[in-house]
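Read off the chains here:
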Amino acid sequence: MSTTQLYTKYTRVWIPDPDDVWRSAEIIKDYKEGDKSLQLKLEDETLYEYPIDLQGNELPFLRNPDILVGQNDLTALSYLHEPAVLHNLKVRFLESNHIYTYCGIVLVAINPYEQLPIYEQDVIYAYSGQNMGDMDPHIFAVAEEAYKQMAREEKNQSIIVSGESGAGKTVSAKYAMRFFATVGGSASETNIEAKVLASSPIMEAIGNAKTTRNDNSSRFGKYIQIGFDKRFHIIGANMRTYLLEKSRVVFQAEDERNYHIFYQLCASASLPEFKDLGLTCAEDFFYTSQGGDTSIDGVDDADDFEKTRHAFTLLGVKESHQMIIFRIIAAILHLGNLEIQGERDGEACSVSSEDEHLSNFCSLLGVEHSQMQHWLCHRKLVTTAETYVKSMSLHQVVNARNALAKHIYAQLFNWIVQHINKALHTTVKQHSFIGVLDIYGFETFEVNSFEQFCINYANEKLQQQFNSHVFKLEQEEYMKEEIPWTLIDFYDNQPCIDLIEAKLGILDLLDEECKVPKGTDQNWAQKLYDRHAASQHFQKPRMSNTSFIVLHFADKVEYQSEGFLEKNRDTVYEEQINILKASKYQMVADLFQEEDTVPTTAVGKGTPRISVRSARPAFKAANKEHRKTVGHQFRNSLHLLMETLNATTPHYVRCIKPNDEKLPFKFDPKRAVQQLRACGVLETIRISAAGFPSRWSYPDFFNRYRVLMNKRDLSKNDKRQICQTLLEDLIKDPDKFQFGRTKIFFRAGQVAYLEKLRADKFRAATIMIQKTVRGWLQRTKYQRLRRATLVLQRYARGCLARRLAEHLRRTRAAIILQKQYRMLRIRRAFQRIRNATLTIQAFARGMFVKRIYHQMLIEHKAIILQKYVRGWLARVRFRRIRAAAVVLQCHLRRLRAQRQLRALRIEARSAQHLKKLNIGMENKVVQLQRKVDEQNKEYKLLNEQLSMLTSAHSSEVEKLKKELQQYQQSQRGDDNQLLSLQGEMEQLRMELEKAHGEREVIEDSHGKEKDLLRKRISDLEEENALLKQEKEELNRRILCQSEDEFARNTVEENIQMKKELEEERSRYQNLVKEYSNLEQRYDNLRDEMTIIKQAPGHRRNPSNQSSLESDSNNPSICTSEIGDTEDVIQQVEEVGMEKAAMDMTLFLKLQKRVRELELERKKLQTQLEKKEQERQKSQVIETKTQVTPEHEDFAYNSLKRQELESENKKLKNELNELRKAIADHATQNNSSNDMQDSYNLLLNQLKSANEELEVRKEEVLILRSQIMKAAQQKDMGKNMESISPNASWPNSDRHVDQEDAIEAYQGMCETNRKTEDWGYLNEDGELGLAYQGLKQVARLLEAQLQDQRREHEEEMEALRNQVDLMQEELEKQQQAFLQTLQLSPEVQVEFGLQQEITRLTNENLDLKELLEKLEKNEKKLKKQLKIYMKKIQDFEASQTMVPVERRSHERNMQVAVQRKEKDFQGMLEYYKEDEPLLIRNLITDLKPQAVSATVPCLPAYILYMCIRHADYINDDQKVHSLLTSTINGVKKVLKKHHDDFEMTSFWLANTCRLLHCLKQYSGEEGFMTQNTAKQNEHCLKNFDLTEYRQVLGHLSIQIYQQLINIAGGILQPMIVPAVLENESIQGLSSVKPMGYRKYSSTVAEGDSSYSLDEMIRQLNTFHSIMCDQGLDPEIIQQVFKQLFYMINAVALNNLLLRKDVCSWSTGMQLRFNISQLEEWLRGKNLQQSGAAQTLEPLIQAAQLLQLKKKTSEDAEAICSLCTSLTTQQIVKILNLYTPVNEFEERVTVAFIRNIQKHLQERNDPPQLLLDFKHMFPVLFPFNPSAITMDSIHLPASLNLDFLNKV
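A short tour of the structure in this document, coming up. Residue positions are counted from 1 within each chain, in the order its sequence is given. Totals for whole chains, interfaces and linings use all residues, but because this is a predicted model, local features are given only for residues with pLDDT of at least 70 and pairs of side-chain atoms are given and counted only at 80 or more. To get the side-chain values, all heavy atoms of the structure are used, and hydrogens and water are removed first.

A look at the overall build of the chain
Then, in step 1: Each helix is a run of H or I in the DSSP string that is no shorter than four residues. Each strand is a run of E no shorter than two, and both are numbered from the N terminus. Tallying secondary structure elements over the chain gives 53 helices and 28 strands in all.
Then, in step 2: Exposure categories follow from relative accessible area, calculated using a 1.4 Å probe and restricted to protein chains: below 20% of the type maximum is buried, above 50% is exposed, and the middle band is partly exposed. The burial tally for the chain puts 42% of its 1846 residues in the buried class.
Then, in step 3: A separation of at least 24 residues holds for 73% of the contacts in the chain among residues at least 6 apart in sequence.
Then, in step 4: Accessible area for the chain stands at about 105000 Å²; split by element, carbon and sulfur atoms hold 53% of it. Every residue pair with non-hydrogen atoms within 4.5 Å of one another is taken to be in contact. Accessible areas in this description were obtained via Shrake-Rupley with a 1.4 Å probe; residue shielding takes into account the shown protein chains only.

Here it is in structure tokens:
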């Protein structure tokens, strides 16, 4: 197809325009060859005739289709030319606010003059690891590409940033370095990346200034090399600078400023430390006030100065050196203010000695005042014979002063650069580096001098390197695809470079003229005219003899030769320098010392030929003729830079300045085109357009243009062959395309032609579809009208018939109504008369009866009044008579008593009375003597019984020994042992059958109780229903009367409190996370220290130093019980933790220590009190032994025994009553009515008996101990009487717990049952039998009560659940029934079938789940059976191999173990030396698969049982050591398996379970509510492990965060391909023209595409692992909530940074993928986890892509829908929205502005992207276990044989 065929009607073209550079127009008439003009219509509807040159046949440029406008890559445009590039950049910049655009390998960056939120930390993480073409263009994408290529190819990289002043070069370079500092952070703690970033404010202060084009223009070039090690971490950096603009120190143009540091120092002159500098405001100094305004809008110089000082400090510049730097800068300002006075008509001049500024200059630099005053105005001339001192003219003195100021500043600048390089230097070997070149762009002004010449010379060199690199990449691409390569002609600027730097070039002639004693700028210009007049790149201006023109690659520039020689010489007088060398400040003197050689620094391993050194010019002031000129130095440093760049892989960033007014988002096309031409972007376009700019892969081309293919071609399987056939048919010229290995290459314009054919095909198909649809719509409309007419007729006729029937029916009804009404009226009149008559009769009769009743009532009341009055009168008279009689009796009795008292007093004084009293006392003494004799007799009997007991015990011991020997002999036969075991098994089987029978009996009784309970439940439910109705009625009334404000306020307060709680929890867990990070950093530092220590001397650490030192120290700091606070602080300092972590651990330690000291104080106080009591008791006992005889103790014992016997009789009686009650209960067991009464009776009796028995038991124990002590003392002799009882019985005065006493009492009873030790306490030992009986009955009753209570509660719960389910099902059925009633009969049948199918499906699913559970159970039981079979086989094999004696011994041990199993108390005992083996087998070396077939969280249960035994034996050191070793072991395992999800999940489950066990068995009531009685027995007795629970909680948080990081690392590469790119709905998304065309350096890293099914399978894997390992469901929910938040954040961030996925089809695909994830959550019962809510922003983004985006109603709908998206995110998606085909419309700028107007009231956060690393605070809710410790089995595979069950 010829090019002219494209110029048809409606085609749009570009025509030149003087204002907008290019203007769009539309062809209104087809163009034919030979036409002299082209008929066009402009955008403002005006007609225009475009003339065409017939000889050149230059037609206007064609415009790209709208679908291609706004591409990320300019080379992806079909038509590649200047107007297309300019329009694409303008659309992206103004409409979409995109400042970055690719142009092949170049990143074009347009300065927005506004701070954009696209450089945050989360944006860096979003671009990290991504390919360059996968995301939107960004400086971070270029930096990531450089970093990736350095890591992949191990080749050094360079990023070349260029552009005009004010285009944003410095900012772009700064962001690139920030990316490297973030992604390649240093592995050590030197913070080298922070130092690299800190160099920026320093260099900006001393090297940047305000110009007319930029407020922060870099007036020097710099090349920063960032060094990396083998792991690609930053290890150091080095900076080279180029061509500092020294002239700015002494001169500034209008509206410009000097370097920032001068104004910063003047703004901070009021600080105390700067009083000696003598500074005032910047307007007072000549060097800072030439440009006019000394301030910059929006810039605070004082604040910037603080940042500069902080950066100096961070880079290690001492305070003294900083002060010297500021003194030098202040001295330069004072030097500029010197007053130079002319003499002798200006031939001589002088400086006043009293000049204040001269004094300040000399004092600040520490030089001699008089010498500086003299040599500022004189110079020394040296000849061969003598030396002259000559005065200088005023002009010469000013030039010399300015030269001195420039030289001082340049030396200071170089010194600062050197010290920055020293601070960034490292001793670690550099493996590779990335260089960032921030250099001035091409400059042309009205007056161009030496500086512009050097800048443009450097840009010529860089452009040459750029052209060759672009050409090389194009060639590599063509060779890689194996297509014919034809040489492309591109602009070569080598002749221009030769003109400048070749022999006798411009620079050579300039240096030669500088050597001439009286050389002038005019002579040098004349030499240039003579030498280079014939050069095509050199021209002489017509109107000037002192300027020359150089034709650069960007433009021709006219340079003024005035000042070239002076700037090239850079002359400074030697005498002035010598004075500065003699400064009293060493640093000032060092600045001007001679430097023969420049220190060099070798680069990394990758560039052995290149030496990276500072580009600071070497200054030698001794002889100015031998100094290198500035031009020569610049040429050498430029050659060195080009060598470095050529040895690296370059990446290009071209910065564009959109306007000269620095207005945000204003685009000036003229200035943009000028810069695009100057920076080489258009040259890249031209090179691309000269070849095959459009490139398509075969699958993409096939998917895009399959509509143009025949059905016969589509049936083929080879897509490449189909594409070739199609192109050969459509494009006849074979030169317009080429077939590569993987791509199709097109010439410019061919893709637009294919798009036109595709659009025509779609247009024809659209017309066909519209025709068919319109016909169908008309037919449908006619049929609908016809049917409506028939229906109307039918209904009208039916209506008339119904009206007639209605009239007849109403007539008949009226007659009936009249008849009934008349009858009713007569009946009512009769009844009214009858009722009135009856009423009158009733009232009359009642009146008569009431009169008779009132008469009788009055008479009755009168009689009662008379009765009471007469009785009262009689009582009054009786009381008066009785009172008189009593008075008389009292007087008479008093007289008689007085007489009797006198007689008794006389008798008491007589002797006869005393004799009677003595007779009673003698009787009492005799009785006491008899009791003593009886007690002595009993004591003798007890001694005899004791001797008999000892003899019987010894004989019994001998008898048992003989029996033991016989038993051992009898057990030597294997057959006998097997028979006995079989007998025991039969016996156990019989007992089991008996137990089953008893269970059936209990179940029968239980069933009866259940029936009664059901009746009660039904009654309660009825009452409950009534109460609910009343409650609902009351609620309705209350709701009607009250308002909703209170409820609303309550909800808001609750939400606020929840937020505060979440924030507090999040802060707390962040602290834990920081603590773990510090711990990890300490480990890394320690490892590095050990490596450093081992490297030089081959040292070895001591064997007792563990690698887990840091892990073990932290818990020990928190929980150690040894050492004081100072030791703890010393330990923390040795550990090397941060201050925050040390404060936290120290606080916990101090808190623990205070509590321990308080307990110790209380213990010591109680011990002191006990000692005091013992001492008093011993004194009392000694006095008693001295005073009272020994037989008094026996008398007390006998009295105590009598009391016990009497109490024992009471117990017998109560025992008989209890037995009788039990017997009555057994006989009346069938009657259910009395069951509760009997139970109450038994319980009351049991309770009273137990209380009485406990009291008596204590007394029996005390009495028995005293009797035994007395017996022993008597046997041992009188010598033992003086010894205290405490000496012989050390535990006698220890407090005995009640339960311990009962256990000891039972043990004594069992051991001495045959000998009847307590025979002396009662007659027949019935006390023990009574106690045993009571205990058995109590246990039986308690067990039955607990079982019945538990079963009753379970049944009640089950019944409640059944009732709830039935109610729900009933409601559903009622709703379904109501719905079906409203449907037609056919639909009712169909709906009923659907409901039945749903019900059957649900039942089928339930049965399947039940079947799966049963199968799993069966498999588990089979595994256990195999394990037991294997154990039996191993046991039999070992029995056959072991000798007979050993086998018998082992059998005895086994029997003993089995006997212990019956009474296993849930404790495991181990020796202290076995603790490392326990930790190794149970934690360090344990694999999760080893315990997969056992109880979940088995290690946690085993550890708790070991802790419980240590608690049982009251060994605090063992508890502390075990818990500390456990925590350190878990940390060691997690550190070793830091990327193993299964292992991390396993230990998270076990850590949480151990934490739950410590809570469940802590003894605290809040944690014991769900415990059984058996579990309450397993509680800890002695220790409070609250602080260890806190440490375990911290460890759980660390493990949870590691688990999230591992899962996130696995999921993160899957998210974008699976959620955004996966095409789950096939054929939904069509391929649009390609965006970014990757160049050859971007190598695909393999097929990393993941499908949604793969991601769901991975989520299933995570879920099954956590469920199988017994992780709490609440934690699993939190894990998936966090993972789904990460899925949402990563997918949304990627969506916000990718233009190719922001389309309607992607929104549909995304919504479908999200629904799949939501379905997965529902399938796993994770709806309540909140994971689905975290996907809300992504769902709204998908809906936003699918909504209409035209009208204001659409804008309101979007604003109301997208509540979870921020304003920036909504606007960003709308800007990125790209139509997939021509039938969609772009989102207009006006619509986006309307959206922003609607959303301006929102207070959204400023950041654009979500923080995908944000972590929700985790909760570990208490989850008690139903497993009891005595039911846990230890597998043999764990190798825990050293653990003994207690």
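Overview of the pattern of salt bridges
Then, in step 1: Basic side-chain nitrogens of Lys or Arg form a salt bridge, by our definition, when they fall within 4 Å of a carboxyl oxygen of Asp or Glu. On inspection of all chains with the given rule, the structure shows 34 salt bridges.
Then, in step 2: Residue Glu661 pairs with Lys666 through a salt bridge whose shortest N-O separation is 3.7 Å.
Then, in step 3: Take Glu661: its relative accessible area is 49%, and that puts it in the partly exposed class.
Then, in step 4: According to the relative accessible area criterion, Lys666 is partly exposed, its value standing at 38%.
Then, in step 5: For Arg1480, the salt bridge is made with Asp1485, and the minimal N-O distance between the two is 3.9 Å.

Observations concerning the environment of Tyr478
Then, in step 1: Inspection of the secondary structure puts Tyr478 in helix H13 (residues 450-481).
Then, in step 2: Remark: the alpha-carbon pair of Tyr478 and Phe745, spanning 267 residues in sequence, is separated by 9.3 Å.

Considering the sheet that holds strand E26 (residues 743-746)
Strand pairs in the sheet, formed through backbone hydrogen bonds, run parallel or antiparallel to each other.
Then, in step 1: Reading across the sheet, the three strands line up as E24-E26-E25 and stay open at both edges, with antiparallel pairing between neighbours. Only two strands of the sheet have a single neighbouring strand rather than two, namely strand E24 (694-697) and strand E25 (737-739). Averaged over all neighbouring strand pairs, the angle between strand axes comes to 20°, with direction disregarded.
Then, in step 2: Whether two strands pair depends on DSSP finding at least two bridges between them. Bridge analysis of E24 against E26 gives four bridges, and the strand direction is antiparallel. Its bridge partner being in E26, Arg695 is matched across the sheet by Phe745.
Then, in step 3: Comment: axis = line fitted to C-alpha atoms, over the contacting stretch for helices; angle = value between 0 and 180 degrees taken between N-to-C directions. Running at roughly 90° to E24, helix H23 (residues 698-705) makes contact with E24, E25 and E26 of the sheet.
Then, in step 4: Helix H25 (residues 719-730) contacts E25 and E26 of the sheet and is inclined by roughly 160° relative to E25.

Digging into the packing of helix H45 (residues 1586-1621) against helix H46 (residues 1652-1668)
Then, in step 1: Contact pair H45 / H46: the axes reach a minimum separation of 8 Å and the direction vectors enclose 160°. With respect to H46, the axis of H45 lies roughly antiparallel. Crossing of H45 over H46 shows left-handed handedness. Listed contacts from H46 to Leu1603, Ala1607, Ile1610, Leu1611, Met1614, Ile1615, Ala1618 and Val1619 of H45 are Leu1652, Glu1654, Met1655, Gln1658, Leu1659, Phe1662 and Met1666.
Then, in step 2: When its residues are assigned to classes, the contact of H45 with H46 shows 13 nonpolar, one polar and one charged. Note on angle classes: values under 35 degrees are labelled roughly parallel, values over 145 roughly antiparallel, values of 65 to 115 roughly perpendicular, and the remainder oblique. If you view the pair so one helix is near and one far, a crossing is left-handed when the near helix is turned anticlockwise from the far one by less than a right angle, and right-handed when it is turned clockwise. Amino acids outside the nonpolar list (Ala, Val, Leu, Ile, Met, Phe, Trp, Tyr, Cys, Pro) and the charged list (Asp, Glu, Lys, Arg) are all regarded as polar, and Gly is one of them.

Things to note about the pairing of strand E23 (residues 649-656)
Then, in step 1: Of all eight residues in E23, eight are buried; the element is thus mostly enclosed.
Then, in step 2: In E23, alternate side chains face the same way, and those of Thr649, His651, Val653 and Cys655 on one face and Pro650, Tyr652, Arg654 and Ile656 on the other are all buried.
Then, in step 3: Of the strand pairs in this sheet, strand E7 (residues 106-110) and E23 are connected by five bridges, and their pairing is parallel. Bridge pairing in E23 links Val108 to Arg654.
Then, in step 4: In terms of strand pairing, strand E8 (residues 157-163) meets E23 through seven bridges, oriented parallel. Across the sheet, residue Ile160 finds its bridge partner in E23, namely Tyr652.

Focus on helix H48 (residues 1704-1723)
Then, in step 1: Expected helix span is given by 1.5 Å per residue-to-residue step, counting one fewer step than there are residues. Here H48 spans 29 Å end to end across 20 residues, near enough to the 28 Å set by a 1.5 Å rise per residue.
Then, in step 2: The set of residues buried in H48 consists of Ser1705, Thr1706, Gly1707, Gln1709, Leu1710, Asn1713, Ile1714, Leu1717, Glu1718, Trp1720 and Leu1721.
Then, in step 3: Buried residues in H48 make contact with H45, H46, helix H47 (1673-1696), helix H49 (1731-1734) and helix H50 (1736-1746).
Then, in step 4: Count one or two residues on from H48 and you reach Asn1725, which has phi positive near 55°.

Side note on the packing of aromatic side chains
Then, in step 1: Only Phe, Tyr and Trp rings are paired, with Trp represented by its six-membered ring, and only when their centres lie within 6.5 Å; those with planes under 30 degrees apart are stacked, over 60 edge-to-face, the remainder tilted. Applying the stated criterion to the full structure yields 41 aromatic pairs.
Then, in step 2: Each ring, one from Trp22 and one from Phe61, has its centre 5.4 Å from the other, and the planes form 65°; the classification is edge-to-face. Linking Trp22 in strand E2 (residues 21-27) with Phe61 in strand E5 (residues 61-62), this pair joins segments that are 39 residues apart in sequence.
Then, in step 3: In this structure Phe61 comes out as partly exposed when scored by relative accessible area, which is 34%.
Then, in step 4: Seen from their ring centres, Trp524 and Phe548 are 5.5 Å apart, and the 90° between their planes marks the pair as edge-to-face. Remark: Phe548 occurs in strand E19 (residues 547-551) and Trp524 occurs in helix H16 (residues 521-532); sequence separation between them is 24 residues. In this structure, Trp524 and Phe548 share a single accessibility class: buried.

Brief notes about the nonpolar core
Then, in step 1: Only buried residues count toward a nonpolar core. Its members are Ala, Val, Leu, Ile, Met, Phe, Trp, Tyr and Cys residues joined through side-chain atoms within 4.5 Å. Membership of the largest hydrophobic core comes to 326 residues, with the highest contact counts inside it found for Phe180, Phe262, Phe548, Ile1502, Met1655, Phe1680 and Leu1843.
Then, in step 2: If you tally residues by element for this core, the top one is H45, at 18 residues.
Then, in step 3: Among all residues touching Phe548, those that are not within four sequence positions of it are Ile506, Trp524, Leu528, Tyr529, Phe538, Gln539, Pro541, Val557, Glu558, Tyr559 and Phe564.
Then, in step 4: If you look at the next biggest cluster of nonpolar residues, it comprises 35 residues, including Tyr31, Leu708, Ile722 and Cys723.

Comments concerning the side chain of Thr294
Then, in step 1: Mapped onto the elements of the fold, Thr294 is located in the loop between helix H7 (286-289) and helix H8 (301-314).
Then, in step 2: You can call Thr294 buried: its relative accessible area is 8%.

Notes on the sheet that holds strand E1 (residues 12-17)
Then, in step 1: Pairing is antiparallel across the open sheet formed by five strands, whose spatial order is E4-E3-E2-E1-E5. Taken across any chain shown, the strands that pair with only one partner, and hence form the sheet edges, are strand E4 (47-51) and E5.

A word on the packing of helix H40 (residues 1475-1484) against helix H41 (residues 1498-1512)
Then, in step 1: At a minimum axis separation of 10 Å, H40 and H41 run at an interaxial angle of 160°. Here H41 runs roughly antiparallel to H40, going by the angle between their axes. In terms of crossing hand, the pair formed by H40 and H41 is left-handed. Contacts between H40 and H41 involve Leu1478, Leu1482 and Ile1483 on the former and, on the latter, Pro1499, Ile1502, Leu1503 and Cys1506.

Points about a negative patch on the surface
Then, in step 1: A surface patch of like charges, here negative, comprises Glu254, Asp255, Glu283, Asp284, Asp293 and Asp297.
Then, in step 2: Structurally, Asp293 can be placed in the loop between H7 and H8.
Then, in step 3: Given the relative accessible area of 45%, Asp293 is considered partly exposed. A residue counts toward a patch only above 30% relative accessible area and without a salt bridge, and it is joined to like-charged neighbours within 9 Å or, for Val, Leu, Ile, Met, Phe, Trp and Tyr, to nonpolar neighbours within 5 Å. By the counting rule applied here, Lys and Arg register as positive and Asp and Glu as negative, while His and the ends of each chain are not counted. Charge positions come from single atoms, namely NZ of Lys, CZ of Arg, CG of Asp or CD of Glu.

Here we look at the environment of Gln1678
Then, in step 1: For Gln1678, the position within the fold is in helix H47.
Then, in step 2: For Gln1678, a relative accessible area of 17% corresponds to the buried category.
Then, in step 3: Distance in space between the C-alpha atoms of Gln1678 and Gly1730 is 8.1 Å, their sequence separation being 52 residues.
Then, in step 4: With sequence-adjacent residues up to four places away left out, Gln1678 is seen in contact with Tyr1600, Pro1817, Val1818, Leu1819 and Pro1821.

Some remarks on the state of the cysteines
Here, disulfide denotes a covalent bond that connects the sulfur atoms of two cysteines.
Then, in step 1: Two cysteine sulfur atoms make up a disulfide if the distance between them is within 2.5 Å. Following the criterion strictly, the structure yields zero disulfides and no others.
Then, in step 2: Considering cysteine sulfurs only, Cys1497 is the nearest to Cys1557, which forms no disulfide, with 8.5 Å between them.

Focus: a positive patch on the surface
Then, in step 1: On the surface, Arg893, Arg896, Arg899, Arg902, Arg905 and Arg909 cluster together into a patch of positive charge.
Then, in step 2: When you line up the elements, Arg896 lands in helix H26 (residues 750-908).

Brief notes about unusual backbone geometry
Then, in step 1: Non-glycine residue Leu243 carries a positive phi angle of around 50°.
Then, in step 2: Note on placement: Leu243 falls in the loop between strand E12 (234-242) and helix H6 (260-267).
Then, in step 3: Backbone geometry places Asn1839, a non-glycine residue, at a positive phi of 55°.
Then, in step 4: For Asn1839, the location among the structural elements is in the loop between helix H53 (1789-1798) and strand E28 (1844-1845).

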